[in-house]
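Structural overview
Given next are the chains, with one letter for each unit.
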Amino acid sequence: MSVQPRRQRRQFLKRIAAGGATVGTLSLSGRALAHASEHEALPDARHVLGQRFDVSFAHGVASGDPLARKVIIWTRVTTDRQGRIPVLWEVATDAACRRVVRAGIAFTSAEQDHTVKVDVTGLRPDTVYHYRFRVGRQVSPLGRTRTLPVGAVEQVRLAVFTCSNYPAGFFHAYGEAARRDDIHAAIHLGDYIYEYGRGGYASADAAELGREVEPAGELLSLDDYRQRYAQYRTDPDLQAVHAAMPFINVWDDHEIANDTWKGGAENHDPASEGDFKARRAAALQAFHEWLPIRTPDPQRKEKIFRSFLFGNLVALHMLDTRVIARDLQLEYATYFGSDGSFDSTRFAADMVDPARQLLGAEQMLWLHRQLRESSATWQMLGQQVLMGRMNIPAPLVLGQISFSAYSALLGKVQTAPGSLTAQEQAILAQPAIPYNLDAWDGYTVARETVLGMARFLDKNLVVLAGDTHNAWASDLQDMQGNAVGVEYAVASVSSPGLEEYFPTENPAAVAAGLETIIRPLHYANTGDRGYMVVTATPAECRCDWHYVSTVKSRDYTTFTGKSLRTQPGAGQRKLQTV
């Protein structure tokens, strides 16, 4: 490096220390992260760089919640040092960080688990930036981020993930996406971590893979959740994808506990595990510490619904279907009598109860306002659970018959209907019912409200969903059969899909059978792990499903599954093969 750049850099650092460069950003970082007074003097940047700290950046870097002129950047300082630690951050337009455009000093401490989050302002729209952090002479890995476009936009490309279970297998899907350079942002639809203890769900191969969870027990306290996030963030593929692109995150249930609802969770026992609200508060605090999310209301960490505008092309509305308003899930088991009969009348009444909430009044009104006021071509909902109707013959849902046996019965109807026994006829006569009451299928009035809203406002609706560990694509129709939009649902990063629940069935046959049985369903993959790439243009919104051959080995191959699209306009809001 020549003498002149060194001199320029020294002058730049002196301006930072004196508050003469990016003053607004500096005061924000101090206020939000160190709980420091706006008037607290910042240390001289040369002094910060010259100090010796026994630290590292073992958990990498990340960015998130990009807007047109600002973005969150994140890291964690790994240290045993007590007290507050000054962290110098830099944002540049080049990978060598010679053209630094924003910089400042943030503080971190054990109070926020030594995580650092800075909301960098004053950036240019639709621009790639590089960023890094320093503590003393230790420098973090380099991150790459991108701001959102404004005005007329010709293309937006998003990577979509869900359900990354550390003990279940390797995070190859993250690694594959990290190698791309054409993604505007990544959307994570939840289950970023899992709360189970060692030996719990999907852990059969964990010891062999070297992926047993820490801590060993189920997550209950703030320290527990922090430790689990820390373990996940040591994964090289997860670090790589965070360093490659900005993330837009929402939680699902496993960031707290399985099948979370507003008053509890299936995987929470108050008698042995304490107050659920305390557990939820700990989980949400760790989520906000460890993920590069812009907290809309620091006093209400449960409120994470927010929108992202990609110019005039895409309005992305991120929803919460778990924490704020979800009522307790219905369960089929509660409708069976002692004689084994099913109370279909009571079940049907509960299904259409208008009081049952999924989003809640505040979030529903917010979503209506966002849809009404947006003129973007595509209105996209980033949320956790399947919205498409997934009605399956009751004997399959209730485990009374296998997929292959039911498919054989359907074949018999076509080839030899006269040979059907009375028992077989009774099986075929049973109605189709929702296979997953934890999804929008269990909250039918809430779903009709959202679909009716989009239809009345004449919006091109695209719903993104995760949660099930399988890939799906469905037409979205209201109760009258009116076409409203489409849903693209992503397979898991590593959590097992339906192939684990039907181990004797061929996943391809199960998927093909479901595509036949479920009328709005156009595509299913129930046996592979991967991610989606959603590409929006003024003419179409396309989804490509990408898969890895295995998550149980470091060696794997990749392949592309289905490619589907939808087009804008009242007569075009349905799925088409590319």
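Bear in mind the structure is a predicted one, so any value in this text is a computation, not a measurement.

As for the packing of helix 11 (residues 361–373) against helix 15 (residues 444–456)
- Two elements in contact, helix 11 and helix 15, have axes whose closest approach is 10 Å; the angle formed by their N-to-C orientations is 15°. When the axis of helix 11 is compared with that of helix 15, the two are roughly parallel. The two elements helix 11 and helix 15 meet at a crossing, and its hand is right-handed. Touching Met364, Leu367, His368 and Leu371 of helix 11 are Ala446, Thr449, Val450 and Met453, all from helix 15.
- Across the contact of helix 11 with helix 15, the residue classes tally to 6 nonpolar, 2 polar and no charged.

A short note on the pairing of strand 5 (residues 115–120)
- In terms of residue burial, strand 5 counts as a mostly covered element, since 6 of its 6 residues are buried.
- When strand 2 (residues 71–76) meets strand 5, the two strands line up antiparallel, connected through 6 bridges. Considered in strand 5, the bridge of Thr75 is made with Val116.

Considerations on the packing of helix 13 (residues 403–415) against helix 14 (residues 422–429)
- Closest axis-to-axis distance for the helix 13/helix 14 pair is 11 Å, and the angle between their directions is 105°. Relative to helix 14, the element helix 13 lies roughly perpendicular. Taken together, the residues of helix 14 that come into contact with helix 13 (itself represented by Tyr406, Leu409, Leu410, Lys412 and Val413) are Glu424, Ile427 and Leu428.

Here we look at the sheet that holds strand 21 (residues 483–489)
- Read across the open sheet, the 7 strands follow the order 14-15-16-19-21-20-22; overall the sheet is mixed. At either margin of the open sheet sits one strand with a lone partner, and together these are strand 14 (306–310) and strand 22 (521–525). Taking the axes of each pair of neighbouring strands and ignoring which way they run, one obtains an average angle of 20° across the sheet.
- Pairing of strand 16 (residues 378–382) with strand 19 (residues 461–465) involves 4 bridges; the strand directions are parallel. The residue of strand 19 that forms the bridge with Gly382 is Leu464.
- Helix 11 contacts strand 14, strand 15 (314–318) and strand 16 of the sheet and is inclined by roughly 175° relative to strand 15.

Considering the packing of aromatic side chains
- The full count for this structure, using the stated rule, is 25 aromatic pairs.
- Centre to centre, the rings of Phe161 and Tyr531 are 5.6 Å apart; their planes meet at 25°, and the pair counts as stacked. Linking Phe161 in strand 9 (residues 156–161) with Tyr531 in strand 23 (residues 529–536), this pair joins segments that are 370 residues apart in sequence. For the pair shown, Phe161 and Tyr531 are each scored as buried.
- With 6.1 Å between their ring centres and 55° between their planes, Tyr335 and Phe342 make a pair best called tilted.
- These aromatic residues form a ring-pair network of at least three members: Phe161, Tyr166, Phe171, Tyr174, Tyr232, Phe247 and Tyr531.
- Residue placement shows Arg84 over the ring face of Phe107; its charged tip is 4.3 Å from the ring centre.

Regarding the pattern of salt bridges
- Across all of its chains, the model carries 33 salt bridges by this definition.
- Between Arg132 and Glu90 there is a salt bridge, with its nearest N and O atoms 2.8 Å apart. Of this pair, Arg132 sits in strand 6 (residues 128–135) while Glu90 sits in strand 3 (residues 85–92), placing them 42 residues apart in sequence.
- Look at Arg132 and you get buried, because its relative accessible area is 15%.
- When the shortest N-O distance is used, the salt bridge between Arg322 and Asp253 registers 3.9 Å. You can see Arg322 sitting in the loop between strand 15 and helix 10 (344–351) and its partner Asp253 sitting in the loop between strand 11 (247–249) and strand 12 (260–261), a full 69 residues away along the chain.
- Look at Asp253 and you get buried, because its relative accessible area is 1%.
- Look at the salt bridges and you will find they share partners, linking Asp252, Asp253, Arg322, Arg326, Asp438 and Asp467 into a network.

What to know about the confidence of the model for the protein
- Mean pLDDT over the protein: 91, with 91% of residues reaching 70 or higher.
- Between residues 1–5, whose pLDDT stays under 50, and residues either more than four places distant or in other chains, the model counts 1 contact.
- Low pLDDT, under 50, characterises residues 12–43; the predicted model gives this stretch 60 contacts beyond four residues in sequence or across chains.

Points about helix 6 (residues 222–232)
- Across the 11 residues that make up helix 6, a large majority, 8, are buried.
- Looking at the buried residues of helix 6, the elements they touch are helix 7 (236–244) and helix 9 (276–290).

Side note on the state of the cysteines
- In this structure the tally under the stated criterion is 0 disulfides.
- Of the cysteine sulfurs around Cys543, a residue in no disulfide, the closest is that of Cys541, at 7.9 Å.
- You can call Cys543 buried: its relative accessible area is 0%.

Analysis parameters
Position numbers for residues count from 1 along each chain, tracking the sequence in the order it is written. The model is predicted, so local features are restricted to residues of pLDDT at least 70 and side-chain atom pairs to those at 80 or more, both for listing and for counting; the totals for chains, interfaces and linings are taken over all residues. Calculated side-chain values reflect all of the structure's heavy atoms, with hydrogen atoms and water omitted. What counts as an axis is a line fitted to C-alpha atoms, over the stretch in contact for a helix, and the angles between N-to-C directions run from 0 to 180 degrees. Each helix is a run of DSSP H or I of at least 4 residues and each strand a run of E of at least 2, with the numbering of both proceeding from the N terminus. For classification purposes, angles smaller than 35 degrees are called roughly parallel, those larger than 145 roughly antiparallel, those between 65 and 115 roughly perpendicular, and all remaining angles oblique. Handedness of a crossing follows from how the near helix is turned relative to the far one, being left-handed for an anticlockwise turn of less than a right angle and right-handed for a clockwise one. Throughout, a contact is declared for two residues whenever any of their heavy atoms are within 4.5 Å. Gly is put with the polar residues, along with every residue not named as nonpolar or charged; the nonpolar set is Ala, Val, Leu, Ile, Met, Phe, Trp, Tyr, Cys and Pro, and the charged set is Asp, Glu, Lys and Arg. For the exposure calls, accessible area comes from a 1.4 Å probe over protein chains only, and a residue counts as buried if that area is under 20% of its type's maximum, exposed if over 50%, partly exposed in between. DSSP-based pairing: two strands are paired if at least 2 bridges between them are found. Aromatic rings from Phe, Tyr and Trp, taking only the six-membered ring of Trp, are treated as a pair when their centres fall within 6.5 Å; an angle between ring planes under 30 degrees marks them as stacked, one over 60 as edge-to-face, and anything in between as tilted. In this scheme, Lys NZ or Arg CZ marks a charge over a ring once it lies within 6 Å of the ring centre and within 35 degrees of the ring normal. The term salt bridge refers to a pairing of a side-chain nitrogen on Lys or Arg with a carboxyl oxygen on Asp or Glu at a separation within 4 Å. As a per-residue quantity, pLDDT reports the predictor's confidence and falls between 0 and 100. To count as a disulfide, a pair of cysteine sulfur atoms needs to be within 2.5 Å.

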